[in-house]
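Commentary on secondary and tertiary structure
Read off the chains here:
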Amino acid sequence: MSAEARLKELGLTLPEVAKPRWTYAPCVRSGNLLFISGQIATEQGRPLHPGKLGREIDVERGREAARGCAISALAVVRRELGSLDGVTRVVKTTVFVAAAEGFTDHPSVANGASDLLRDVFGEAGLGARSAVGMFELPLGASVEAEFIFEVAD
């Protein structure tokens, strides 16, 4: 099943790609690699579940925020390629988690993004991954993620 068909089957609608607030490109293609700049899940123009994991935000809401980051990234991919079907595999996902002191379950939060990508692309959606804790993220977001996709010629 194609990624676009799978997206419909999952009942997901991709958002409009947000205009960058700062100086960067939402994505850059180099050869067959598409690098997606850091994405923050938003709702009505504000970060979804702002705050820190282990303090204001629990792991489940952190997963939702990471999933939202992946959905935002897919919107960037579709705008760049015209279709998600141009993706041949997820190469790398890096998830940044705003974490309170003592919080160590970053990988469980990152699963929100990884699970979504696997649901859309099948086994090709599981790439290499890092999940790291940060003191603060832009706009008070609890999660930010960046992605590298391999794309067809």
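Above this text you will find the structure in question.
Calculation notes
Residues numbered from 1 in each chain as written. Predicted model: local features only at pLDDT ≥ 70, side-chain atom pairs only at ≥ 80, totals over all residues. Heavy atoms only, no water. Core = buried A, V, L, I, M, F, W, Y, C linked by side-chain atoms within 4.5 Å. Buried < 20%, exposed > 50% of the residue type's maximum accessible area, 1.4 Å probe, protein only. Helix = DSSP H or I, 4+ residues; strand = E, 2+ residues; numbered from the N terminus. Contact = heavy atoms within 4.5 Å. Pairing = 2+ DSSP bridges. Axes fitted to C-alpha atoms, helices over the stretch in contact; angles between N-to-C directions. Parallel < 35°, antiparallel > 145°, perpendicular 65-115°, else oblique. Left-handed = near helix turned anticlockwise from the far one by under 90°. Nonpolar A, V, L, I, M, F, W, Y, C, P; charged D, E, K, R; others polar.

Here we come to the nonpolar core. Nonpolar side chains tend to gather and get buried jointly when the protein is soluble and globular. With 38 residues, the main nonpolar core has Ile36, Leu74, Leu84, Leu117, Phe121, Phe147 and Phe149 as its most contacted residues. Of all the elements in the fold, those that place two or more residues in this core are α1 (3-9), β2 (33-39), α2 (59-81), β5 (87-98), α3 (106-121) and β7 (143-151). For this core, the element with the highest residue contribution is α2, accounting for 10 residues. Sequence-distant contacts of Ile36, defined by excluding residues within four places in its chain, comprise Pro26, Cys27, Ala73, Val76, Val77, Glu146, Phe147 and Phe149. Counting residues in hydrophobic clusters, the runner-up holds 5 residues, among them Ile40, Ala98, Leu137 and Ala141.

With that out of the way, let us pick up the sheet that holds β2. Within a sheet, each strand pairs with its neighbour through backbone hydrogen bonds, oriented either parallel or antiparallel. Strand order in this open sheet of 5 strands is β1-β2-β7-β5-β6, and the pairing throughout is mixed. Each end of this open sheet is capped by a strand with a single partner; those strands are β1 (27-30) and β6 (128-134). Along the sheet, successive strands turn relative to each other by an average axial angle of 15°, direction set aside. Bridging between β1 and β2 involves 4 bridges; their strand directions are antiparallel. The partner of Val28 across the bridge, within β2, is Phe35. Packing of α2 onto the sheet brings it into contact with β1, β2, β5 and β7, and relative to β7 it is tilted by some 40°.

The geometry of α2 relative to α3 is characterised by a closest axis approach of 7 Å and an angle of 40° between their N-to-C directions. Considered as vectors, α2 and α3 are oriented oblique to each other. Like other packed secondary-structure pairs, α2 and α3 cross with a definite hand, here right-handed. Only Ser108, Val109, Ala110, Gly112, Ala113, Leu116, Leu117, Val120 and Phe121 of α3 make contact with α2, whose side of the interface consists of Val59, Gly62, Arg63, Ala66, Arg67, Ala70, Ile71 and Leu74. For the contact of α2 with α3, the class distribution of residues is 12 nonpolar, 3 polar and 2 charged.

From the geometry alone we can't say anything about function, so treat these as descriptive.
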